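# A structural walkthrough
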Amino acid sequence: MAIKCVLERENLNTPYMEGKSLLAAYCGEGLDGYPEEAQTADNIILVNFSDGHPMPNGTRGSGDALLSSLDEFLCHGPALRWHEAGKGLGAVRDILGKIRDGGVMVSVPSDLGHCCDQREFNTAVIFDLEQLELILEFAQKRRTKFCLTFEV
């Protein structure tokens, strides 16, 4: 599974984004299974992927809204909702800025913990976001809209 960026008007020259690491970070399981010191850290991204149901007490970090800024661009179901590329570009650049300045750490979901360490996972998520940034720059130049989808 991956998060994919779909353009309203596709082009053969559109940059490619794998999106697997971004999906893993976006759909992370929260802080369950992480060391106790990580559960109290204020720089852990924690995404509420529970369809509006509140998260259990004590599982929210101050970084929980970082990747949720992509929520409005994600299409659920068969109908695609198109968005202005510039708006998505702003959200992606904001996320990248926060991760790059070292103020936020992307937690490795526990089901990925065996395959990569924290640094590798951060690098992979940054790479996916940089690819998404390229796609959105491409879309903005061509004045085409986009949406994000889940791809199996």
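Residues numbered from 1 in each chain as written. Predicted model: local features only at pLDDT ≥ 70, side-chain atom pairs only at ≥ 80, totals over all residues. Heavy atoms only, no water.

### A look at the overall build of the chain
Threshold: Only DSSP runs of H or I covering at least 4 residues are called helices, and only runs of E covering at least 2 are called strands; the numbering of each starts at the N terminus. The buried label applies to any residue whose accessible area, calculated with a 1.4 Å probe on protein chains only, is under 20% of its type's maximum; exposed applies above 50%, and partly exposed to all values in between. Contact definition: two residues touch when any of their heavy atoms are within 4.5 Å. Calculation of accessible area relied on Shrake-Rupley with a 1.4 Å probe; when residues are assessed, cover is drawn exclusively from the protein chains displayed.
Secondary structure summary: the chain contains four helices and two strands in total. Listed N to C, the secondary structure of the chain is β-α-α-α-α-β in terms of helices and strands. Taking all 152 residues of the chain together, the buried fraction comes to 44%. Across the chain, every contact between residues at least 6 apart in sequence was considered, and the portion connecting residues at least 24 apart equals 67%. Here the chain displays about 8,600 Å² of accessible surface, and carbon together with sulfur accounts for 51% of that area.

### With respect to the packing of aromatic side chains
How two aromatic rings sit relative to each other is given by the distance of their centres and the angle of their planes. Keep this limit in mind: Classification of ring pairs rests on two measures: the distance between centres of Phe, Tyr or Trp rings, Trp counted by its six-membered ring, which must be within 6.5 Å, and the angle between planes, read as stacked under 30 degrees, edge-to-face over 60 and tilted in between.
Taken as a whole and assessed by the stated rule, the structure comprises two aromatic pairs. Each ring, one from F73 and one from F146, has its centre 5.3 Å from the other, and the planes form 40 degrees; the classification is tilted. Here F73, found in the loop between α2 (36–39) and α3 (85–100), pairs with F146, found in strand β2 (residues 146–151); they are 73 residues apart in sequence, far enough to count as distant. Across the pair, exposure class does not vary: F73 and F146 are buried alike.

### Focus on unusual backbone geometry
Its identity as a non-glycine residue notwithstanding, R143 has a phi of 55 degrees, on the positive side. With respect to the element layout, R143 can be found in the loop between α4 (118–141) and β2.

### A short note on the pattern of salt bridges
Here is the rule we go by: Any carboxyl oxygen of Asp or Glu within 4 Å of a side-chain nitrogen of Lys or Arg constitutes a salt bridge here.
The final tally for this structure, using the stated rule, is six salt bridges. One salt bridge connects K98 with D94, and the closest N-O pair in it is separated by 3.2 Å. Of this pair, K98 and D94 both sit in helix α3, four residues apart, which is roughly one turn of the helix. Exposure remark for D94: the relative accessible area of 38% places this residue in the partly exposed category. Through salt bridges with shared partners, one network takes in R93, E133 and E137.

### Comments concerning the confidence of the model for the chain
If pLDDT is low for a region, its predicted coordinates should not be looked at in detail. Threshold: The predictor attaches a confidence to each residue, called pLDDT, with possible values from 0 through 100.
Per-residue confidence for the chain gives a mean pLDDT of 75; residues scoring 70 or more make up 67%. Confidence, expressed as mean pLDDT per element, reaches its minimum in the chain at α2 with 40 and its maximum at α3 with 93.

### A word on α4
Because an α-helix packs 3.6 residues into every turn, residues spaced three or four apart end up facing the same way. Put simply, the rule is: For a helix, the expected span equals 1.5 Å multiplied by the residue count minus one.
For α4, with 24 residues, the first-to-last C-alpha span of 35 Å sits near the 34 Å given by 1.5 Å per residue. Looking one or two residues past α4, R143 carries a phi angle of roughly 55 degrees, positive in sign.

### Let's talk about the side chain of Q131
To keep it simple, the criterion reads: For the purposes of these results, a polar contact is taken to be a pair of N or O atoms within 3.5 Å, where, inside protein, one atom must be able to donate a hydrogen and its partner to accept one; residues adjacent in sequence count only when each atom of the pair is a side-chain atom.
Positionally, Q131 belongs in helix α4. From its side chain, Q131 meets the backbone oxygen of Y16 in a polar contact 3.0 Å long. Setting aside anything within four residues of it in sequence, one finds Q131 in contact with Y16 and M17.

### Comments concerning α3
Operational definition: Here the arc refers to the directions that run from the helix axis out to each C-beta atom.
Its 16 residues place the ends of α3 22 Å apart at the C-alpha level, agreeing with the 22 Å of an ideal helix rising 1.5 Å per residue. Listing the buried residues of α3 in full gives A85, G88, L89, A91, V92, I95, L96 and I99. Seen end-on, α3 carries its buried residues on one side only, within an arc spanning 165 degrees. Positive phi shows up at G102, right after α3, with a value of about 80 degrees.

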